[in-house]
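# Structural overview for review
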Amino acid sequence: MTCRQLGGPCELPLQGNTANDVIKAQDQHLKEMVAGGDVTHSAALKDMKARWRRPVAGMGWYRKAKRNFAALPED
Ligand SMILES: [Zn+2]
């Protein structure tokens, strides 16, 4: 999956064996980009943080991300 598929602004490919791994990789990527001064990732980071704070509302997003991940071909 890419950063963009998870709500981010760029096309960075994220690797992981499970949807969870990919979501964690995205979380880490957003933090790194924002820490490095990238403003285009700050809105996506805010959304990600909001999802952790509101697990019920975030669950729909999480399930969608998992479905998208499952639909990807194995590489
Ligand atoms: Zn990105």
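Before reading further, recall that the structure is shown in the block above.
All of the points below concern the structure found in this document.

Each value, and the rule that gives it
- Residues numbered from 1 in each chain as written.
- Predicted model: local features only at pLDDT ≥ 70, side-chain atom pairs only at ≥ 80, totals over all residues.
- Heavy atoms only, no water.
- Donors = N, O, S within 2.8 Å, 3.2 Å for Na, K, Ca; no water.
- Helix = DSSP H or I, 4+ residues; strand = E, 2+ residues; numbered from the N terminus.
- Buried < 20%, exposed > 50% of the residue type's maximum accessible area, 1.4 Å probe, protein only.
- Expected span 1.5 Å × (residues − 1).
- Salt bridge = Lys/Arg side-chain N within 4 Å of Asp/Glu carboxyl O.
- Axes fitted to C-alpha atoms, helices over the stretch in contact; angles between N-to-C directions.
- Parallel < 35°, antiparallel > 145°, perpendicular 65-115°, else oblique.
- Contact = heavy atoms within 4.5 Å.
- Nonpolar A, V, L, I, M, F, W, Y, C, P; charged D, E, K, R; others polar.

## Focus: the coordination of the zinc ion
Protein ligation of the zinc ion involves Cys3 (SG), Cys10 (SG), His29 (NE2) and His41 (NE2), the donor distances falling in the range 2.1 to 2.3 Å. In primary-sequence terms, the residues that donate to the zinc ion follow C-x6-C-x18-H-x11-H. Placement of His29 in helix 1 (residues 19-35) and of His41 in the loop between helix 1 and helix 2 (42-53) is noted, with a sequence separation of 12 residues between them. Look at His41 and you get buried, because its relative accessible area is 1%.

## Focus: helix 1
Note that an α-helix has 3.6 residues per turn; residues three or four places apart therefore point the same way. An ideal rise of 1.5 Å per residue puts 24 Å on 17 residues; helix 1 measures up with 24 Å between its terminal C-alpha atoms. In the segment just after helix 1, Gly37 is the residue with positive phi, at about 95°.

## Remarks on the pattern of salt bridges
Applying the stated rule across the entire model yields 2 salt bridges. Between Glu11 and Arg4 there is a salt bridge; the shortest N-O distance is 2.3 Å. In this structure Glu11 comes out as partly exposed when scored by relative accessible area, which is 48%. The salt bridge partner of Lys31 is Asp27, with a shortest N-O separation of 3.3 Å. Taken together, the positions of Lys31 and Asp27, both in helix 1 and 4 residues apart, correspond to about one turn of that helix. For Asp27, a relative accessible area of 11% translates into the label buried.

## Section: the packing of helix 2 against helix 3 (residues 55-71)
Relative placement of two packed helices is described by the angle separating their axes and the distance separating the axes. Where helix 2 contacts helix 3, the axes come no closer than 6 Å and their chain directions differ by 120°. As the angle between them shows, helix 2 and helix 3 are arranged oblique. Here Met48, Arg51, Trp52 and Arg53 of helix 2 come into contact with helix 3, specifically with Pro55, Gly58 and Trp61. For the contact of helix 2 with helix 3, the class distribution of residues is 4 nonpolar, 1 polar and 2 charged.

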